Amino acid sequence: MKHLKKIALFLLLLILPLKVSASSYIQDFQVKNGTLTIPFNEKNNLYTIKLEENAQEVLFEYRLENEQSKVEIIGNNYKNQEENVMILKVIDEENNDSQSYTFYLEKEEDKSVIAIPNDTLNNIENTKEIPYLKEIVIGICLALIVTLFKILIINFFKKSKKLKSPA
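Every value quoted in this text rests on a predicted model; they were computed, and no experiment measured them.

Within the chain, the secondary structure is distributed over 3 helices and 7 strands. Long-range contacts, defined here as pairs at least 24 residues apart, represent 49% of the contacts in the chain between residues at least 6 apart. Carbon and sulfur atoms provide 59% of the accessible area of the chain, an area that totals close to 13900 Å².

Pasting the structure below:
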């Protein structure tokens, strides 16, 4: 019974100092002038936002898991013909913890299409094959393999004869 009290006291002293720490996650994220391509999840840190055509920056609301955390917003500007990235960095200074969420910004108008003239497509379809090319390549490879094999076998027998003959 005496040992049981000591164990209980030890466990109590071990558990009491533990502080439940809040984390530096965003619990909820809503885009006001566009849509997220996948639903928001606090553990996922990579997203794409499809912005409305006239939007130049992302209008959004978020809710933090730890209200004392600070949020840094980096790159909330949309520029045509550039890679547009917005980063939200949530910093929990009390627990020395941080999380970064990266959002790639896109608009529907950014999709580029490559135009290939019809005559180019016709040239690709009408390419000519060199006759017997496969057979020639196979023949050359086979000849190389046989030659290398002969060289190795001859060298092997020469070495084995030198080892057997008395000097």
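Next up on the list: the pairing of strand β7 (residues 97-106). Sheet analysis places strand β3 (residues 46-51) next to β7, joined by 5 bridges and oriented parallel. Bridge pairing in β7 links K50 to E106. Two strands pair when backbone bridges link them, and strand β6 (residues 84-92) and β7 are joined in this way by 9 bridges, in the antiparallel orientation. Each residue of the ladder has a partner; that of I87, found in β7, is T102. Remark: 4 residues form the turn of the hairpin made by β6 and β7, two consecutive strands paired antiparallel; N96 in that turn has positive phi of roughly 55 degrees.

Interpretation of the predicted coordinates at a detailed level should be avoided for regions scoring low in pLDDT. Per-residue confidence for the chain gives a mean pLDDT of 78, with 72% of residues at or over 70. At the level of individual helices and strands, the chain shows its lowest average pLDDT in helix α1 (residues 2-15), which scores 53, and its highest in strand β4 (residues 60-64), which scores 92. Note that pLDDT drops below 50 for residues 16-21; the model gives that stretch 2 contacts with residues more than four away or on any other chain.

Bridge count between strand β2 (residues 34-36) and β3: 3 bridges; the pairing is antiparallel. Its bridge partner being in β3, T35 is matched across the sheet by K50.

For Y132, which is not glycine, the phi dihedral falls at a positive 60 degrees. Take Y132: it is sitting in the loop between α2 (118-125) and α3 (133-164). Residue Y132 is classed as exposed on the basis of its relative accessible area, which comes to 63%.

With that settled, the discussion passes to the environment of F40. Following the sequence through the fold, F40 ends up in the loop between β2 and β3. A residue is classified by how much of its surface remains accessible, and F40, at 17% relative accessible area, is buried. Considered as a pair, F40 and F29 are 11 residues apart in the sequence and their alpha carbons are 6.5 Å apart. Apart from the residues lying within four places of it in its own chain, the contact partners of F40 are I26, Q27, D28, F29, Y47 and Y101.

When the charged atoms of two side chains lie near each other, side chains of opposite charge can form a pair. Evaluated as defined, the whole model comprises 2 salt bridges. Of the charged contacts in the structure, one is a salt bridge between E106 and K50, with a shortest N-O distance of 2.9 Å. In this pair, E106 is assigned in strand β7 and K50 in strand β3, connecting sequence segments 56 residues apart. The exposure class of E106 is partly exposed, given its relative accessible area of 32%.

Attention shifts here to the packing of aromatic side chains. According to the stated counting rule, one finds 7 aromatic pairs in the structure shown. Plain terms: the ring middles of F29 and F60 are 5.3 Å apart, the flat faces sit at 25 degrees to each other, and that makes the pair stacked. Placement of the pair is F29 in strand β1 (residues 26-31) and F60 in strand β4, with a sequence separation of 31 residues. A single burial state applies to F29 and to F60, both of which are buried. Three or more aromatic residues joined by ring pairs make a cluster, and in this case those are F29, F40, Y47, F60, Y62, Y101 and F103.

Attention shifts here to the sheet that holds strand β5 (residues 70-74). Backbone-to-backbone hydrogen bonds join strands into a sheet, with any given pair of strands oriented parallel or antiparallel. Spatially, 5 strands are ordered β2-β3-β7-β6-β5 in an open sheet, and the strand pairing comes out mixed. In this open sheet, the two edge strands, each paired with only one partner strand, are β2 and β5. Averaged over neighbouring strand pairs, the angle between their axes works out to 25 degrees when direction is ignored.

About the criteria used
- Residue positions within a chain follow its written sequence, with the count starting from 1.
- Predicted model: local features are reported for residues with pLDDT of at least 70 only, side-chain atom pairs are reported and counted for 80 or more only, and whole-chain, interface and lining totals are derived from all residues.
- To obtain the side-chain values, all non-hydrogen atoms of the structure were included, while hydrogens and water were left out.
- Segments assigned H or I by DSSP are reported as helices when at least four residues long, segments assigned E as strands when at least two residues long, and all are numbered from the N terminus.
- We call two residues in contact whenever any of their non-hydrogen atoms come within 4.5 Å of each other.
- Per-residue accessibility takes into account occlusion by the displayed protein chains alone, with areas from the Shrake-Rupley method and a 1.4 Å probe.
- Strands are treated as partners if at least two bridges between them are detected by DSSP.
- Per-residue confidence from the predictor is given as pLDDT, running between 0 and 100.
- Type-normalised accessible area, obtained with a 1.4 Å probe on protein chains alone, sets the label of each residue: buried when under 20%, exposed when over 50%, and partly exposed for intermediate values.
- By definition here, a salt bridge exists when the distance from a side-chain nitrogen of Lys or Arg to a carboxyl oxygen of Asp or Glu is within 4 Å.
- Side-chain rings of Phe, Tyr and Trp, where Trp is taken by its six-membered ring, are said to pair if the distance between their centres is within 6.5 Å; with planes under 30 degrees apart they count as stacked, over 60 as edge-to-face, and otherwise as tilted.
- Interaxial angle, 0 to 180 degrees, is taken between N-to-C directions of lines fitted to C-alpha atoms, where a helix line uses only the stretch in contact.

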